[in-house]
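This is what each chain is made of:
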Amino acid sequence: MTHRDDWAPLLESLEQRRTGARAMGGEEKLRRHRAAGRVDARVRIARLLDPGTFTEIGLLAGAPDTPADAFVAGAGLIDGRPVFVGAEDFSVAGGSIGTAAATKRARVAALAGQERAPLVLMLEGAGHRATNMLEPQRPAPNDLQLLADLAGTVPIVAIVTGPSAGHGALAAPLADFVVMVDGLASLFTAGPPLVRAATGEQVTKEELGGPQVHAVVSGVAHNVAADVDGALQLARRYLSYLPSCAGDPPPCADTGDGERAVDALLDLVPPDPRRPYDMTAVLRELVDDGSLLEVQPAHGPSLITALARLGGRPVAVLANQPAVLAGAIDAAAAGKAARFVETTSGFGLPLVQLADNPGVLSGSASERAGILREAARMFVAQHRAQVPKLHVTVRKAFGFGSSVMGQNAFGGQTVSLAFPGAMLGGIPAAVGGATSGADDDTRRALVEHEASGPWQLARTATYDDVIDPRELRNRLLAALRTARG
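Residues numbered from 1 in each chain as written. Predicted model: local features only at pLDDT ≥ 70, side-chain atom pairs only at ≥ 80, totals over all residues. Heavy atoms only, no water.

Visitor: Account for the nonpolar core, with residues named and values stated.
Guide: The biggest cluster of nonpolar side chains holds 53 residues, and the ones touching the most others in it are Leu 48, Leu 318 and Met 378. Of all the elements, helix H10 (residues 228-240) adds the most residues to this core, at 7 residues. Those residues in contact with Leu 48, other than ones at most four positions away along the chain, are Ile 78, Val 85, Val 120, Met 122, Leu 232, Ala 235 and Arg 236. Counting 33 residues, the second-largest nonpolar core is a separate cluster that includes Ala 109, Leu 111, Ala 215 and Ala 221. (Core = buried A, V, L, I, M, F, W, Y, C linked by side-chain atoms within 4.5 Å. Buried < 20%, exposed > 50% of the residue type's maximum accessible area, 1.4 Å probe, protein only. Helix = DSSP H or I, 4+ residues; strand = E, 2+ residues; numbered from the N terminus. Contact = heavy atoms within 4.5 Å.)

Structure, rendered in C-alpha cells:
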C-alpha cells in the first residue's frame, strides 16, 4: 500500500508557496533594483556564504503578497564555520519590517546567541512597516534587545547595501563591524521626506547619512567598500580574524610567514621625532604578508586600528600615525580606539600597541570635542583588556599619550619594548621647562635628559628591553609564544 497519491496535492501546494516566497518582489521590481546597481537579497546571501551552504528559516512567513515578509534569514558557513545571516529585501515593501519579519529578526539573533555563532545582517530597508499598527500585536522581544544581549558574546557584522532607516538602521551601531557600500548605502533615524516634514531641512540621502557622514565624521560605520561584492568579501575577511564566540581561541592560519628581520624599518622610520612617516607602511612590513586589515581608517586617522596576523596568529593593532596630526590623539581617534579594543579584547585577540605621539591633542576645539572623556575611555579599555599586551615605544610618547598606548609600568604587558632614541615625559622638555619658569640650567638638563633616550628607563626596568628596530617582529613573535592562551 502506498500513500504517494495522498501526498501529491500537499507537496504541490508546498512547492507553489515556496516558489512564490523565493520570487521576492517579482521580475519587474528586481529588474529595476538591479539596474540601480543593487544586488538581490538572496544573491547577496549566496555570495557571502560558502557555496551551497545556506539553509533558510521562515521562508513562508508573512502574507502571500509580501514574500518572506521582506526579510530573508537563515544559517550557512563562512570558511567552513557556522554563521547566521539576515538580509532585508528592498524589492518587497521597500524592505520594511512587518510583524512576521520582526519575529524572524528576533529568531535569527536568538539562534546566533544560542548556537554561539556570528551574525551578519544586510541592511537596506525602510524601517517598521506603517501598516503594522493595523494588525494585532503581542508583546515579544525585538531584535535590538537581542543584539544588545549578543554584544561581546558573538561577532556581529552589519553590511549596509542601500538606504536603511529607523529600526533597521539601529542595528548598525549595535554591530561590531559596519561596512557601507559607496554610492548605494545610507543610514539614518529618519529619511529625507520625514526630515523635511519635521524640520524643513532639504537634504539628500547621501548628505543625511551616506558613507562620508558615517565612515568619516560620526564613526558609526567602520569601512567603505566600492561595491556589494567588495563589502561581502570584507565581512568574510573580518570574521576570519575572530573566533565564533567569546571564549573560543581566535582562528590561526598557516601564512608561511615566520621569524625574519624587518630591515625596511630603518628606511621607513626616521629617528628624528619631528619628522613624519607613514605608520601603515611600517605595519605592512611588520605583520604577516598581506594580513593587515585597517578598521575604520577614515575616522580619527591619527590613530590606526587594524587586524593582522603575526606568525599566523590574529592580533589587534593600535598604532599612532605620525603622518596625521604628528600622531596626536584627538577625540575621534580615542573613541574609535576604545571601541576597537573593547571589541577585540572581548574576543581574545592579543593587543599590539605602537606608540609614537606627542600626547593627546590640546586646544579649545579638542576640549570641546571631549578629548578628556574619550581619552579616559581609551585608557580604561586598554588597561582593563585581559589579553596579552605587547607595547612598543617607537620614538616618543608624551603625557597621557603614553598611558593610553599602554606604556605605563605594571599595565599588564606581556612585553614592553622601545627603540633607541625613544622619548617619554609629561610634556616635551623644551615646552615643560618654559611653562614652568625653570632657569636656563634646569631647562638644559631637561632637554638633555629627554634626548638621552630610553636608557634611564631601561635601567629601572620600565622597559623590558631596548631593541634594534629590525628585531621587532621576532621579539613580538617570541612574546606571543610565551603569552597565556
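So that's the structure; there's more coming.
Visitor: Lay out the sheet that holds strand S1 (residues 55-57) with the relevant residues and their values.
Guide: Two orientations exist for strands paired in a sheet by backbone hydrogen bonds: parallel and antiparallel. One open sheet holds the 7 strands; their spatial order is S1-S2-S3-S4-S5-S7-S9, and the pairing between them is mixed. Both edges of this open sheet fall to S1 and strand S9 (223-225), since each of them pairs with a single strand only. Taking the axes of each pair of neighbouring strands and ignoring which way they run, one obtains an average angle of 25° across the sheet. Here 4 bridges tie strand S3 (residues 81-88) to strand S4 (residues 119-123), and the two strands are oriented parallel to one another. When the bridges of S4 are listed, Ala 87 appears paired with Met 122. (Pairing = 2+ DSSP bridges. Axes fitted to C-alpha atoms, helices over the stretch in contact; angles between N-to-C directions.)

Visitor: Which residues make up unusual backbone geometry, and what values go with them?
Guide: Of note in this structure, Ala 68 is not a glycine but carries a positive phi near 55°. Positionally, Ala 68 belongs in the loop between S1 and strand S2 (71-78). Positive phi, close to 55°, is recorded for Arg 116, a residue that is not glycine. For Arg 116, the position within the fold is in the loop between helix H4 (99-115) and S4. Of the residues examined, Arg 116 reaches a relative accessible area of 38% and is grouped as partly exposed.

Visitor: Go over a nonpolar patch on the surface, please, and point to the residues and values.
Guide: On the surface, Trp 7, Leu 10 and Leu 11 cluster together into a nonpolar patch covering about 350 Å² of accessible area. Following the sequence through the fold, Trp 7 ends up in helix H1 (residues 4-22). (Patch = residues over 30% accessible without salt bridge, like charges linked within 9 Å, V, L, I, M, F, W, Y side chains within 5 Å. Areas by Shrake-Rupley, 256 points an atom, 1.4 Å probe, with all protein chains shown as cover. Salt bridge = Lys/Arg side-chain N within 4 Å of Asp/Glu carboxyl O.)

Visitor: I'd like to hear about the pairing of strand S14 (residues 389-398), residue by residue, with values.
Guide: With 10 of 10 residues buried, S14 is to be regarded as a mostly interior element. Pairing of strand S13 (residues 351-357) with S14 involves 6 bridges; the strand directions are parallel. Each bridged residue has a counterpart across the sheet, and for Ala 355 the counterpart in S14 is Thr 393. Relative to strand S15 (residues 413-418), S14 runs parallel, the two sharing 5 bridges. Bridge pairing links His 391 to Ser 416 in S15. Relative to strand S16 (residues 423-425), S14 is paired through 3 bridges, and the arrangement is parallel. Counterpart to Phe 398 in the pairing with S16 is Gly 425.

Visitor: Residue-level account of the packing of aromatic side chains, with values.
Guide: Enumeration according to the criterion identifies 2 aromatic pairs in this entry. Look at Phe 177 and Tyr 238: their rings are 4.1 Å apart centre to centre, the planes differ by 5°, and that puts the pair in the stacked class. You can see Phe 177 sitting in strand S7 (residues 177-181) and its partner Tyr 238 sitting in helix H10, a full 61 residues away along the chain. Assigned by exposure class, Phe 177 and Tyr 238 land together as buried. Over the ring of Phe 90 we find Arg 38, and its NZ or CZ is 4.5 Å from the ring centre. (Phe/Tyr/Trp six-rings, centres within 6.5 Å; stacked < 30°, edge-to-face > 60°. Lys NZ or Arg CZ within 6 Å of the ring centre and 35° of its normal.)

Visitor: Break down the environment of Ala 261 for me, citing the residues and quoting the values.
Guide: For Ala 261, the position within the fold is in the loop between H10 and helix H11 (265-268). Counting along the chain gives 212 residues from Ala 261 to Arg 473, while the straight-line C-alpha distance between them is 7.0 Å. If sequence neighbours within four positions are ignored, Ala 261 has contacts with Arg 470 and Asn 474.

Visitor: Residue-level account of the environment of Met 122, with values.
Guide: On the secondary structure map, Met 122 appears in strand S4. The spatial distance from the C-alpha of Met 122 to the C-alpha of Thr 161 is 6.7 Å, given a sequence separation of 39 residues.

Visitor: Lay out the pattern of salt bridges with the relevant residues and their values.
Guide: Counting across every chain of the model gives 25 salt bridges. Residue Arg 31 is joined to Glu 28 by a salt bridge in which the shortest nitrogen-to-oxygen separation is 2.7 Å. Residue Arg 31 and its partner Glu 28 are both found in helix H2 (residues 27-35); the two are separated by 3 residues, about one turn of the helix. For Arg 31, a relative accessible area of 46% corresponds to the partly exposed category. The exposure class assigned to Glu 28 is partly exposed, which follows from its relative accessible area of 42%.

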